[in-house]
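The residues making up each chain are set out below.
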There are 2 protein chains.
Amino acid sequence: MSRAAVVGLGLIGGSVALGAGARGYDREDGVREHARRRGIDAVDSLAEAVAGADLVVTAVPTDETPALLRAVAALAPGAVLTDCASLKRAVAAAAHTLDAGVRFVASHPMAGGRGHGLEAASGGLFRGRPWAIVPTARSDDGAIAAVRAFCISLGARPVLLDAEQHDHVMTWASHLPQAVASALARAAGTGGGASLPDLAGPGLLDATRLAGQPVSLALELALADPDALARAIDAVSRELTGVSSALRRGDAGALRALFEDAAAARRTFER
Amino acid sequence: MSRAAVVGLGLIGGSVALGAGARGYDREDGVREHARRRGIDAVDSLAEAVAGADLVVTAVPTDETPALLRAVAALAPGAVLTDCASLKRAVAAAAHTLDAGVRFVASHPMAGGRGHGLEAASGGLFRGRPWAIVPTARSDDGAIAAVRAFCISLGARPVLLDAEQHDHVMTWASHLPQAVASALARAAGTGGGASLPDLAGPGLLDATRLAGQPVSLALELALADPDALARAIDAVSRELTGVSSALRRGDAGALRALFEDAAAARRTFER
């Protein structure tokens with residue numbers, strides 16, 4: 001890949017730009033200035049950022065992605081385009097609105113962390129993380145291979161799947177943990193009393209970290225497929241009822257079996 | 001503090017020994033050898049470890065703590081004793097079984113992380129973390145001050161409270177997140193399908209981290225006050241029902257309010 005460009009310099013886009021040494025653009029002046037202070041070659045127009053790029057990565061919210069892809073396709077007609085939006089059905093559907101010659105492969109890096117925005121960006125953010133690659137109606141084999149190679153160059157692990165599969169898994173891997181973390185934060189914040197903030201350790205902090213995500217992102221994720229998420233939440237509620245029932249029965253054997261099964265499930269997540 | 005000793009060289013005890021340059025003892029030969037490879041002055045008998053120590057820290061499970069405190073008190077009659085057990089009512093009650101001249105202040109460092117055992121121990125584990133200090137029937141002001149100073153020397157933030165308060169807060173700050181993480185891990189492991197492990201990102205990993213704790217510790221915590229934990233789980237279930245109801249109604253305003261409130265609660269945990 002001889003030259004990459006990134007549009008949208010938040011946590012994800014900023015990290016791509018840092019990791020790939022890519023040229024960058026953000027519509028906010030302040031973000032571009034911040035990006036330059038972090039060593040990113042951030043330029044003042046979208047056209048200048050994508051001119052001559054072989055690969056253009058968009059890193060903006062899902063609902064802003066289709067229009068941005070159309071704009072980039074017009075400015076960089078030869079480039080392979082990929083996005084980083086959290087939801088892939090909407091983006092894959094939007095691919096049909098791109099001109100026939102446009103080369104677009106949807107994608108979604110599974111990365112994040114304690115911080116938000118460019119401030120928390122790091123060139124190593126994707127190291128060892130999954131990166132979903134979702135072919136669209138505008139994806140050819142060469143374009144898919146180019147996006148794969150780009151993910152790998154950032155240390156990520158490409159995972160090829162279709163938009164339907166991706167969004168199904170995200171209900172469980174992303175939207176559900178977000179909803180559960182928020183429910184836990186609210187319950188503990190109310191029930192734990194005045195000393196809780198003094199004593200919150202890494203366990204509570206990690207378990208509720210996603211409750212601190214930007215509310216706009218939480219809403220975007222929760223509303224992606226509300227019925228699927230509601231059903232996933234019901235599944236967690238049933239599990240919780242299993243634990244509370246075992247506690248009330250004083251059934252240590254049932255609790256042990258639940259915790260052992262949970263630990264086994266957890267191990268499969270950390271491959 | 002001129003000399004400290006640590007008994008029990010797991011994640012917590014090992015980290016105390018490393019952070020304080022303390023002499024250490026563990027009843028398992030292999031752990032003592034491992035400790036020496038990590039640079040800890042690990043000796044082969046409890047008596048040798050605590051001889052001449054001003055402060056002795058025990059770091060063993062709650063149910064083994066009272067007997068160990070009695071043994072240490074007999075071997076190091078001049079020392080201030082403190083423990084690191086996760087539950088404080090039982091330990092504070094056991095303080096009454098110590099001889100009248102024994103100086104014992106219960107305590108509980110709120111630290112942990114991805115790993116378990118001595119392998120994951122680090123002298124910096126307690127930096128910036130709360131450390132509960134719980135006076136008992138065998139605590140005098142000088143002993144409390146000595147334990148406070150010791151916590152501070154490890155970079156921790158001492159928080160003074162009584163055993164009843166401590167165990168109440170732990171239901172919400174420790175046992176509840178553990179139960180919720182386990183419920184989430186089981187639900188996602190079942191519902192997420194075959195691609196979930198390929199795509200699990202830091203959000204799911206952090207939200208379920210506590211599900212990977214040793215099952216023996218999870219059980220000890222869950223059974224500390226089963227009714228209180230069951231009520232806390234009910235509170236989370238009610239919060240989850242609030243989210244799923246809003247999703248099914250398509251009530252974005254209610255969801256936004258829930259997520260904003262959760263984010264505000266989360267911010268109070270991270271002072």
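To be clear, the structure that these remarks concern was listed above.
Quick notes on the rules
- Residues numbered from 1 in each chain as written.
- Chains lettered and ligands numbered in written order.
- Predicted model: local features only at pLDDT ≥ 70, side-chain atom pairs only at ≥ 80, totals over all residues.
- Helix = DSSP H or I, 4+ residues; strand = E, 2+ residues; numbered from the N terminus.
- Rg over C-alpha atoms; globule rule 2.2 N^0.38 Å.
- Buried ≥ 20, exposed ≤ 12 C-beta atoms within 10 Å, placed from the backbone.
- Contact = placed C-beta atoms within 7 Å.
- Pairing = 2+ DSSP bridges.
- Least-squares fit on C-alpha atoms with pLDDT ≥ 70 in both.
- Nonpolar A, V, L, I, M, F, W, Y, C, P; charged D, E, K, R; others polar.

A.B. asks: I keep staring at the overall build of chain A and nothing clicks. Help me out?
C.D. replies: On a plain count of helices and strands, chain A comes out with twelve helices and eight strands. For 271 residues, the compact-globule estimate of 2.2 N^0.38 gives 18 Å, and the C-alpha radius of gyration of chain A, at 21 Å, lies within 12% of that figure. Its C-alpha atoms give chain A principal-axis dimensions of about 65 × 40 × 30 Å. The buried share of chain A, taken over its 271 residues, is 58%. Here the analysis covers contacts within chain A between residues at least 6 apart in sequence; of these, 69% occur between residues at least 24 apart.

A.B. asks: Honestly, the sheet that holds strand 2 (residues 23-25) of chain B in this entry has me stumped. Any pointers?
C.D. replies: Within a sheet, adjacent strands bond to each other through the backbone by hydrogen bonds, running parallel or antiparallel. Pairing is mixed across the open sheet formed by eight strands, whose spatial order is 3-2-1-4-5-6-7-8 (chain B). If you trace the sheet from one side to the other, it starts and ends with strand 3 (41-42) and strand 8 (157-160) of chain B, each paired once.

A.B. asks: Just to check I follow, could you spell out the relation of the copies chain B and chain A for this structure?
C.D. replies: The operation relating the pair of chain copies consists of a rotation about an axis and a translation along that axis. Under the fitted operation, chain B is carried onto chain A by 0.0 Å of movement along the axis and a turn of 180°, and the coordinates agree to an RMSD of 0.0 Å. Between the two chains, the operation in question is that of a two-fold axis. Of the C-alpha atoms belonging to chain B, the one lying closest to the rotation axis is found on Ala207 of chain B, 2.1 Å away. Comparing contact sets, 100% of the residues at the interface of chain B also lie at the interface in chain A, consistent with an isologous, same-surface contact.

A.B. asks: Would you explain the interface of chain B and chain A in this entry?
C.D. replies: By a widespread convention, an interface's size corresponds to the accessible area lost as its parts come together. Listed per partner, the contact involves 88 residues of chain B and 88 residues of chain A. Those elements that provide at least two residues to the side of chain B that touches chain A are strand 7 (130-135), helix 7 (163-191), helix 8 (196-199), helix 9 (202-207), helix 10 (215-222), helix 11 (226-249) and helix 12 (252-269) of chain B. Top contributing element to the side of chain B that touches chain A by residue count: helix 7 of chain B, with 21 residues. In the side of chain B that touches chain A, the residues fall into 52 nonpolar, 21 polar and 15 charged.

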